[in-house]
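Residue-level listing of the chains:
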Amino acid sequence: MKAKLQPHTVPVGRFAPTPSGFLHLGNLFCSLLAWLSAKSKGGRIILRIEDLDPQRCPRQNADVLAKDLEWLGLTWDEGAYVGADSEAYFQSQRSEIYRQYFAKLADQDLVYPCFCSRAELHAAEAPHLSDGRILYAGTCRHLTVAEREAKAKTRRPAYRVQVDDEVVSFVDGHYGLQSYELAKEWGDFIIRRSDGVYAYQLAVTVDDALMGVNQVVRGCDLLSSTPIQIYLYRLLGFTPPEFFHIPLLTAPDGRRLAKRDGDLELGVLRRHFGSPEPILGILAYMAGQLAKPEPVQAEDLLPIFATEKIPKHNIVVPKELLQL
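Residues numbered from 1 in each chain as written. Predicted model: local features only at pLDDT ≥ 70, side-chain atom pairs only at ≥ 80, totals over all residues. Heavy atoms only, no water.

A. Inspection of the overall build of the protein at higher detail. Assigned secondary structure in the protein consists of twelve helices and twelve strands. Computed over its C-alpha atoms, the radius of gyration of the protein comes to 21 Å, within 12% of the 20 Å expected for a compact globule of 324 residues. When the backbone C-alpha atoms are referred to their principal axes, the protein occupies close to 65 × 40 × 40 Å. Here the protein, with 324 residues, has 51% of them falling under the buried criterion. The long-range share in the protein, meaning contacts at least 24 apart out of those at least 6 apart in sequence, stands at 76%. When the accessible surface of the protein is summed, it comes to about 15,100 Å², and 51% of that surface belongs to carbon and sulfur atoms. Across the protein, 37 positive and 40 negative side-chain charges occur, with their mean positions spaced 2 Å apart. (Helix = DSSP H or I, 4+ residues; strand = E, 2+ residues; numbered from the N terminus. Rg over C-alpha atoms; globule rule 2.2 N^0.38 Å. Buried < 20%, exposed > 50% of the residue type's maximum accessible area, 1.4 Å probe, protein only. Contact = heavy atoms within 4.5 Å. Areas by Shrake-Rupley, 256 points an atom, 1.4 Å probe, with all protein chains shown as cover. Lys, Arg positive; Asp, Glu negative; His and termini not counted. Charge placed at Lys NZ, Arg CZ, Asp CG, Glu CD.)

In structure tokens form, the structure reads like this:
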């Protein structure tokens, strides 16, 4: 399947932070490039809060994230914290919408319950992919009705979407032509967890489509998720956006920056630099937009922004910056 992405029109991009922690340097890098990519072409930005699991993503974290983006000058045109329908841009408030599209997939006989435990999924014989993901073996795909009823008495199932032998190809705006064999590189994937929470892959596909997002700028760690999202776009009758994946920021040892490791949160940067301009200058320099890391406002980068300047390789953050 060759994905027919949305034609190039006025860009509608988005910030989509998960408030399980606070913004770190890697999140800021992606947010700046998403903002520049849309705004440099006269486009718009939406802020969506991806708090699918409210227990891990308290509202106060989202409040801080929004204030931090505003402080940096990365403002948005619609979404969370804007207007009377602000709550509609929090994924924790959109379960009924996801239920409707879950039902649409189920009506196509593509959804089935999976009763496999975490231990069974991580068993030694389970096929592992090069990035550490586990390729689901389809264990529950062919259970009879009686077998499903029996298992349901002792365990709440997750729900998976059936994937057949299909190749999804698309052109990434930064890394070029990509092709994936869904059955070999993803297998049947979860769209609703056993606790009833709808999975990221379903939620992000539905939300981007319904919110009119036609340009997605995000880290290259999510490049491999794109084919199954395109697959869902097709099944649900949507046209995929343009995807533009960008390199990751890494520590000198090659480790990608992550919230769980407490890597250079914006609060630390604010206390050290005192204003957003030096931070934006560092990010713009790492993104290839400035010849040296000098203070700059976000608006000043719009006339000089060019996607072809962005490196394709992951970018090492200087050790002295990580030690602030």
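B. The arrangement of the packing of helix H7 (residues 200-210) against helix H8 (residues 226-236) in detail. Contact geometry of H7 with H8 gives a least axis separation of 10 Å together with a crossing angle of 60°. When the axes of H7 and H8 are compared, the pair comes out oblique. Relative to H8, the crossing made by H7 is right-handed. In contact with Tyr-200, Gln-201, Leu-202, Val-204, Thr-205, Val-206, Asp-208 and Ala-209 of H7, H8 contributes Ile-228, Gln-229, Leu-232, Tyr-233 and Leu-236. A class-by-class count of the residues in the contact of H7 with H8 yields nine nonpolar, three polar and one charged. (Axes fitted to C-alpha atoms, helices over the stretch in contact; angles between N-to-C directions. Parallel < 35°, antiparallel > 145°, perpendicular 65-115°, else oblique. Left-handed = near helix turned anticlockwise from the far one by under 90°. Nonpolar A, V, L, I, M, F, W, Y, C, P; charged D, E, K, R; others polar.)

C. Here's a closer look at H8. Of all eleven residues that make up H8, ten are buried, and the element is covered over most of its length. Turning to H8, its buried residues number three or more, namely Thr-226, Pro-227, Ile-228, Gln-229, Ile-230, Tyr-231, Leu-232, Tyr-233, Leu-235 and Leu-236. Phi turns positive one or two residues past the end of H8, at Gly-237, with a value near 80°.

D. Broad picture of the packing of aromatic side chains. What the rule picks out here adds up to nine aromatic pairs. Centre to centre, the rings of Tyr-81 and Phe-90 are 5.7 Å apart; their planes meet at 70°, and the pair counts as edge-to-face. Here the aromatic residues Tyr-98, Phe-102, Tyr-159 and Tyr-198 are joined through ring pairs into a cluster of three or more. Positioned above the aromatic ring of Tyr-136 is the side chain of Arg-160, whose terminal nitrogen or guanidinium carbon lies 3.6 Å from the ring centre. Here the basic side chain of Arg-192 rests over the ring of Phe-102, its NZ or CZ set 5.0 Å away from the ring centre. (Phe/Tyr/Trp six-rings, centres within 6.5 Å; stacked < 30°, edge-to-face > 60°. Lys NZ or Arg CZ within 6 Å of the ring centre and 35° of its normal.)

E. Region of interest: helix H2 (residues 59-72). The end-to-end C-alpha distance of H2 is 20 Å, a good match for the 20 Å that 14 residues give at a rise of 1.5 Å each. Among all positions of H2, only Asn-61, Ala-62, Leu-65, Ala-66, Asp-68, Leu-69 and Leu-72 are buried. Looking down the long axis of H2, one finds its buried residues gathered within 160° of arc, a one-sided arrangement. Away from its buried face, by an angle of more than 90 degrees, H2 presents the exposed residues Gln-60 and Lys-67. Its buried side turned inward, H2 meets strand S1 (12-15), helix H1 (25-39), strand S2 (44-47), helix H9 (266-273), helix H10 (276-286) and helix H11 (298-301). Positive backbone phi, at 90°, marks Gly-73, one or two positions downstream of H2. (Expected span 1.5 Å × (residues − 1). Arc of directions from axis to C-beta.)

F. Inspection of the sheet that holds S1 at higher detail. One open sheet holds the three strands; their spatial order is S1-S2-S3, and the pairing between them is parallel. The open sheet is flanked by S1 and strand S3 (78-79), the only strands paired with a single partner. As paired elements, S1 and S2 share four bridges and run parallel to each other. The residue bridging Arg-14 from the neighbouring strand is Ile-46, located in S2. (Pairing = 2+ DSSP bridges.)

G. Region of the structure containing the sheet that holds strand S8 (residues 189-192). Spatially, S4-S5-S8 is the arrangement adopted by the three strands of the open sheet, whose pairing is antiparallel. Strands at the two margins of the open sheet, each flanked by one partner only, are strand S4 (111-114) and S8. Across the sheet, the axes of successive neighbouring strands diverge by a mean angle of 45°, strand direction being ignored. Sheet analysis places strand S5 (residues 158-161) next to S8, joined by three bridges and oriented antiparallel. Counted as the bridge partner of Val-161 is Phe-189 from S8.

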